[in-house]
Amino acid sequence: MAVLYRGVMVGLVGVAFGFQLNAFAQNTPAQTWPDPVPNRQAAAVKDKKPAPRRSLAGLWGSRLGNQAKGTQLRPNDGSPASELPYTPLGRQMYQAHKALEGEDAVPPAGTNDPRVTCEPLGFPRYNHYDLGARIYQDEHSVSILYNYDNRWRIIWTDGRSVPTLVDGGVEIDGQYRESRWMGYSVGKWLDDYTLEVQTVGTLPEERVWLDNTGRPISDRARITETFRRLDADTLEWSETLDDPKMYTQPWQTMKIPMILQDPRTDVLTRYCSPYEIEAYNKAYGDGASGK
Amino acid sequence: MRNRLVKAVSVALLLLASAPAGAHHTGSTLLSDTTVTVKGVVKSWLWSNPHCLLTIEVKGADGQVVEWVMEAQAPNSIYPAGYRNNSFKPGDEVTVTANPVTNGRPYGRIESVVLPNGSKLGGEGGGRRGNAAAQ
């Protein structure tokens, strides 16, 4: 029976995804290589179609560019509204970070951003850098393939519980497990169009940043995301950060309307290559920095 | 390097039109708030992450040639503005408008490029105001 159930569920997901492909095929030539940089805008209001039930599948673009100023709702732009509720340690960490962007940016030669050595960004920084992603679903999980550096993340939707945060990691069924780049993510459908996701167990503040401007995040963070399917074309992706080690209160980082893109797009991925970084610094970064 | 710097400044004074522009790298001291326009011959075009690099040779009124290195955004950022891997080839005559770095050296971030056929690449091409990442 379990095998039959799985088969039916996989079939349903396949049909749902196939429908999406066909919807695009009706409007575009069948055999082509679409532009490798998804740039489709949202459909006009009169052309909006209803969202499919419990489906986030598709290729999604944000039109935000590389999010140089950091978190979308509270960019690092010097405005009072964007000042963050740092704890003393949080402020100390921010000041120790030499970012390439934001109000306290430094030239390329002076940065200590782990990104420029091609360290993984870690979660949730992938949400705050060049955001675009392809989302897949099956009966167990939602998988997100971020365009930047082709990095995977898995959200479990099969009813398992959110792990308990403990020092240096998480506890699952009474057993310790280590912190991870993407943490441990569990999703729950609040209704047929809204998936709420909790993530804990991310890497400590010495290893990862929250955004391009050097805002800190610690391994005590609890990240809540809401994926809300507004219509067939639009997925609203929200995120709230609760990190008592770095911030005195939770704050909302983003609420981004993602636009559905042609699923046949073979995306021009922005890979991080140490070879290319070195070549860039040699030809430009060092000289431009006055080094 | 000092010789190169002096040449760069003299070329800038002789050839370049400067105009106010929005600041890039908010809060950073890397890029100037002004733009410069230089006409030169393409030496190389690097289609690469984290940034594409256009190197051009600019001849000054004194006959001296100065090499300018101009950065654009990453390929996936500048593709929508029409930039491609083969947008430039060595020997092409181009006119580049860019935000120069503040230290006076011949480096800058591309705002737009006029190609040999007169067409222009710009907009999202490089100096995308308020949305530029150094790496």
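Our structure is the block above this text.
Residues numbered from 1 in each chain as written. Chains lettered and ligands numbered in written order. Predicted model: local features only at pLDDT ≥ 70, side-chain atom pairs only at ≥ 80, totals over all residues. Heavy atoms only, no water.

**Q** So what's going on with the overall build of chain B? Which residues, and what values?
**A** The helix and strand inventory of chain B stands at 2 helices and 7 strands. In chain B, the succession of helices and strands from N to C terminus is α-β-β-β-β-α-β-β-β. Counting across all 135 residues of chain B, residues that qualify as buried make up 53%. Across chain B, contacts joining residues at least 24 apart in sequence account for 57% of those joining residues at least 6 apart. Carbon and sulfur atoms make up 52% of the accessible area of chain B, which amounts to about 5500 Å² in all. (Helix = DSSP H or I, 4+ residues; strand = E, 2+ residues; numbered from the N terminus. Buried < 20%, exposed > 50% of the residue type's maximum accessible area, 1.4 Å probe, protein only. Contact = heavy atoms within 4.5 Å. Areas by Shrake-Rupley, 256 points an atom, 1.4 Å probe, with all protein chains shown as cover.)

**Q** Can you explain the pattern of salt bridges? Please cite residues and give values.
**A** Should their charged atoms come close, side chains of opposite charge can pair. All names here are of chain A. Scanning all chains against the criterion turns up 22 salt bridges over all chains. A salt bridge links Asp-231 to Lys-48; the shortest N-O distance between them is 3.6 Å. Remark: Lys-48 occurs in the loop between helix H1 (2-25) and strand S1 (58-61) and Asp-231 occurs in strand S10 (residues 222-231); sequence separation between them is 183 residues. Judged by its relative accessible area of 11%, Asp-231 is buried. One connected set of salt bridges, linked through shared partners, spans Arg-53, Arg-54 and Asp-192. (Salt bridge = Lys/Arg side-chain N within 4 Å of Asp/Glu carboxyl O.)

**Q** Please set out the interface of chain B and chain A residue by residue, giving values where relevant.
**A** Where interface size is quoted, it is often the accessible area lost as the parts come together. In this complex, chain B contributes 35 residues to the contact, which on the side of chain A involves 37 residues. Summed over both sides, the interface of chain B with chain A buries roughly 2900 Å², with 51% coming from carbon and sulfur. Linking chain B to chain A there are 0 salt bridges. At the surface where chain B touches chain A, the tally comes to 11 residue pairs in polar contact (both at pLDDT 80 or more). For the side of chain B that touches chain A, the secondary-structure elements that each account for two or more residues are strand S4 (65-72), helix H2 (75-78) and strand S6 (107-114) of chain B. Residues belonging to the side of chain B that touches chain A are distributed by class as follows: 15 nonpolar, 16 polar and 4 charged. (Buried area = accessible area lost by both parts, 1.4 Å probe. Polar contact = N/O pair within 3.5 Å; in protein donor to acceptor, adjacent residues only side chain to side chain. Nonpolar A, V, L, I, M, F, W, Y, C, P; charged D, E, K, R; others polar.)

**Q** Explain the packing of aromatic side chains residue by residue, including any values.
**A** Residue and element names in this part refer to chain A. By the definition in use, this model includes 14 aromatic pairs over all chains. Taking 5.8 Å as the distance between ring centres and 35° as the angle between the ring planes, the aromatic pair formed by Tyr-136 and Trp-152 counts as tilted. Taken together, the residues span a long stretch of sequence, with Tyr-136 in strand S2 (residues 132-137) and Trp-152 in strand S4 (residues 151-156) at a distance of 16 residues. Owing to a relative accessible area of 34%, Tyr-136 belongs among the partly exposed residues under this scheme. We classify Trp-152 as partly exposed; its relative accessible area is 49%. Linked through ring pairs, Tyr-126, Tyr-129, Tyr-146, Tyr-148, Phe-227 and Trp-237 together constitute an aromatic cluster. Cation over ring: Arg-160 sits above Trp-156, and NZ or CZ is 4.0 Å from the ring centre. The ring of Tyr-184 carries the charged tip of Arg-180 above its face, separated from the ring centre by 3.8 Å. (Phe/Tyr/Trp six-rings, centres within 6.5 Å; stacked < 30°, edge-to-face > 60°. Lys NZ or Arg CZ within 6 Å of the ring centre and 35° of its normal.)

**Q** Run through unusual backbone geometry, naming residues and quoting values.
**A** Residue Pro124(A) is bonded to the preceding Phe123(A) through a cis peptide linkage, with omega at 10°. Within the element layout of this structure, Pro124(A) appears in the loop between helix H2 (88-96) and S2. That bond from Asn49(B) to Pro50(B) is cis: its omega, 0°, falls within 30 degrees of zero. At Arg54(A), a residue that is not glycine, the phi angle is positive and equals roughly 45°. Structurally, Arg54(A) is set in the loop between H1 and S1. The class of Arg54(A) is partly exposed, set by a relative accessible area of 39%. The backbone phi angle of Asp149(A) is positive, close to 65°, even though this residue is not glycine. Note on Asp149(A): relative accessible area 10%, which makes it buried.

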